[in-house]
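Per-entry structural report
Chain residues, written in single-letter form:
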Amino acid sequence: MPPPSIPRLALLVFSRHTAPMALRMGIVGLPNVGKSTLFNALTRTRAAQASNFPFCTIDPNVGIVEVPDVRLDRLAAIVHPQKIIPATVEFLDIAGLVKDAHKGEGLGNQFLGSIREAEALCHIVRFFPGESIMHVEGSVDPKRDRETIETELILADLQSVEKRLDRARSAAKTGDKEKVRELAVAEKLKAALDTGKLAQSVTLTEEEDSAARSFFLLTRKPLLYALNVSEEQLKELSEERARQILGIEDDAPVILVCAKVEEELQDLSPEEGTEYLSGLGLTSSGLDRLIHAAYRALGYITFFTAGPKEVRAWTVRRGAKAPQAAGVIHTDFERGFIRAETIAYEDYVQLSGEQGAKAAGKARSEGKEYVVQDGDVMLFKFNV
């Protein structure tokens, strides 16, 4: 007889294959709006070429950026690990799109192909004035520029949907339920795109949404607006007013960032940076806010593992259940999931760690239906 399966603790038992992939966000916008400058500041490098002419970036630059999270340091102060590993977001600096990019203008096909690789989009829109940096349209007009980029994405999606429609109409004649559903979804999406709306504006059922994902549409991706402003605008412009200027929904995610300020912060120590931001009336950098906003736009939350070898932040989709979280660490953990020993972050910190939380009755044993909460400190048990 084979030996019985043995429950194992899944804390810090990782192979070289277990590191999760970085969440991927594409940076898009017109040429000369500050995409490469902000990318360099995000990654604290000067890897991306930033020049005063269109298409200085051809192949997308890629940078993996740590998600700032003070909770990691607080957990580490309790368990004293050998190392701390934060969550990450991968940014793709995609060259500037121009009008008629969907037809291939300005290397449009190549750029749109790079955008398809991203899970979400960060649209950099130029707000800062100044004639020293040329604008491809000859003037600064944030609403016009936003519409130019979104129109190109919509037209590219429309081409994709129209191609699928021809096949879907033929396939639906068989009466196959999935093919009929695909046709209905394609018609809904085309109706919206035809009127200049983003595909994400279309309300779909769970089954329809599953079908829509197979279309790989650009405008169904989560969209975040990062507004490249001057120092003066950074102090005076509110997010509400910025949304009005852009002509977007009141709840659309908007971050104000001054590329000049962020560039200067690269060369300062953390203490000097804090003092510099304080002088501008700011408590955090625009890039820190942008990274957090990107993380939210991608629909992820963080859970932690904490032990003597490492304190680590792991990313999981909001609404994920405990076995899925275990699977982020290793697929074996999800397949053999038994339960998750779970402590809320606040309880873990206030009660000085696992033993204190257990003594206070704040440690829980959660099963397969438990929905992971942001900040959970988790220890998985599984069968091998």
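Residues numbered from 1 in each chain as written. Predicted model: local features only at pLDDT ≥ 70, side-chain atom pairs only at ≥ 80, totals over all residues. Heavy atoms only, no water.

1. Quick look at the packing of aromatic side chains
Worth spelling out the cut-off: Here a Phe, Tyr or Trp ring, Trp counted by its six-membered ring, pairs with any other such ring whose centre lies within 6.5 Å, and the pair is stacked when the planes are under 30 degrees apart, edge-to-face when over 60, and tilted otherwise. Think of it this way: any DSSP run of H or I at least four residues long counts as a helix, any run of E at least two long counts as a strand, and we number them from the N terminus. Note on exposure labels: buried denotes an accessible area under 20% of the residue type's maximum, exposed denotes more than 50%, and partly exposed covers the range between, all computed with a 1.4 Å probe on protein chains only.
Per the counting criterion, the structure on display carries 4 aromatic pairs. Relative to phenylalanine 380, the ring of phenylalanine 303 has its centre 6.0 Å away and its plane inclined at 90°; by these criteria the two rings are edge-to-face. A residue pair is termed long-range when its members are at least 10 positions apart, and phenylalanine 303 in strand β9 (residues 300-306) and phenylalanine 380 in strand β13 (residues 377-383) qualify at 77 residues. Overall, phenylalanine 303 belongs to the buried group, its relative accessible area being 0%. Accessibility expressed as a relative area gives 1% for phenylalanine 380, which makes it buried. Aromatic side chains phenylalanine 304 and tyrosine 345 sit 6.4 Å apart centroid to centroid with 45° between the ring planes, which places their arrangement in the tilted category. Of the two residues, phenylalanine 304 sits in strand β9 while tyrosine 345 sits in helix α14 (residues 345-350), which places them 41 residues apart along the sequence.

2. With respect to the pairing of strand β11 (residues 337-343)
Spelled out, the test is: Only strands that DSSP links by at least two bridges are regarded as paired with each other.
Examined bridge by bridge, β11 and β13 share 6 bridges and lie antiparallel to one another. Bridge pairing links isoleucine 343 to valine 377 in β13. Relative to strand β12 (residues 364-366), β11 runs antiparallel, the two being bridged by 3 bridges. In the strand pairing of β12, glutamate 341 is matched with serine 365.

3. Concerning the packing of helix α5 (residues 177-194) against helix α6 (residues 206-213)
The description of two helices packed together rests on the angle between their axes and the distance between the axes. Selection criterion: For helices, the fitted axis covers only the stretch in contact; all axes are lines through C-alpha atoms, and the angles between them, taken along N-to-C directions, range from 0 to 180 degrees. When an angle is under 35 degrees it counts as roughly parallel; over 145 it counts as roughly antiparallel; between 65 and 115 it counts as roughly perpendicular; any other value is oblique. Whether two residues are in contact is decided by their heavy atoms: any pair within 4.5 Å suffices. Under the grouping applied here, Gly and all other residues not named as nonpolar or charged are polar, the nonpolar ones being Ala, Val, Leu, Ile, Met, Phe, Trp, Tyr, Cys and Pro and the charged ones Asp, Glu, Lys and Arg.
Taken N-terminus to C-terminus, the directions of α5 and α6 make an angle of 80°; their axes are 9 Å apart at the nearest point. Classed by the angle they form, the pair α5 and α6 counts as roughly perpendicular. In this structure, α5 contributes Arg181, Val185, Lys188 and Leu189 to the contact, and α6 contributes Glu207, Glu208, Ala211 and Ala212. Classifying every residue of the contact of α5 with α6 by side-chain character gives 4 nonpolar, no polar and 4 charged.

4. Some thoughts on the confidence of the model for the protein chain
Applicable threshold: One number per residue, pLDDT, summarises how confident the predictor is, and it ranges from 0 to 100.
Summary statistics for the protein chain give a mean pLDDT of 83 and a share of 83% for residues scoring 70 or more. Ranking the elements of the protein chain by mean pLDDT puts strand β1 (residues 7-9) last, at 35, and α14 first, at 97. This model gives residues 45-59 a pLDDT under 50, and the stretch forms 46 contacts once residues within four places in sequence are excluded. Ignoring residues within four places in sequence, the model shows residues 104-109, a span with pLDDT below 50, making 11 contacts including any to other chains.

5. Topic: the environment of isoleucine 291
Looking at the secondary structure, you find isoleucine 291 in helix α11 (residues 286-297). Owing to a relative accessible area of 4%, isoleucine 291 belongs among the buried residues under this scheme. Through-space distance from the C-alpha of isoleucine 291 to that of phenylalanine 91 is 9.5 Å; in sequence the pair is 200 residues apart. Excluding residues within four positions of it along the chain, isoleucine 291 makes contact with Leu42, Val65, Glu66, Val67, Pro68 and Phe91.

6. A look at the sheet that holds strand β2 (residues 23-28)
Two pairing modes exist for strands in a sheet, parallel and antiparallel, and in both the strands are linked by backbone hydrogen bonds. Across the sheet, which stays open at both edges, the 6 strands sit in the order β3-β5-β2-β6-β7-β8 with mixed pairing between neighbours. A strand with exactly one partner marks an edge of an open sheet, and here the two such strands are β3 (61-66) and β8 (254-257). Neighbour to neighbour, the strand axes of the sheet diverge by 25° on average, direction disregarded. When β2 meets strand β5 (residues 88-93), the two strands line up parallel, connected through 5 bridges. Directly across from methionine 25, in β5, lies its bridge partner phenylalanine 91. Sheet contacts for helix α1 (residues 35-42): β2, β3, β5, β6 (120-126) and β8; angle to β5, the most-contacted strand, approximately 155°. Of the strands in this sheet, β6, β7 (223-228) and β8 touch helix α8 (residues 239-246), which is tilted by about 105° from β8.

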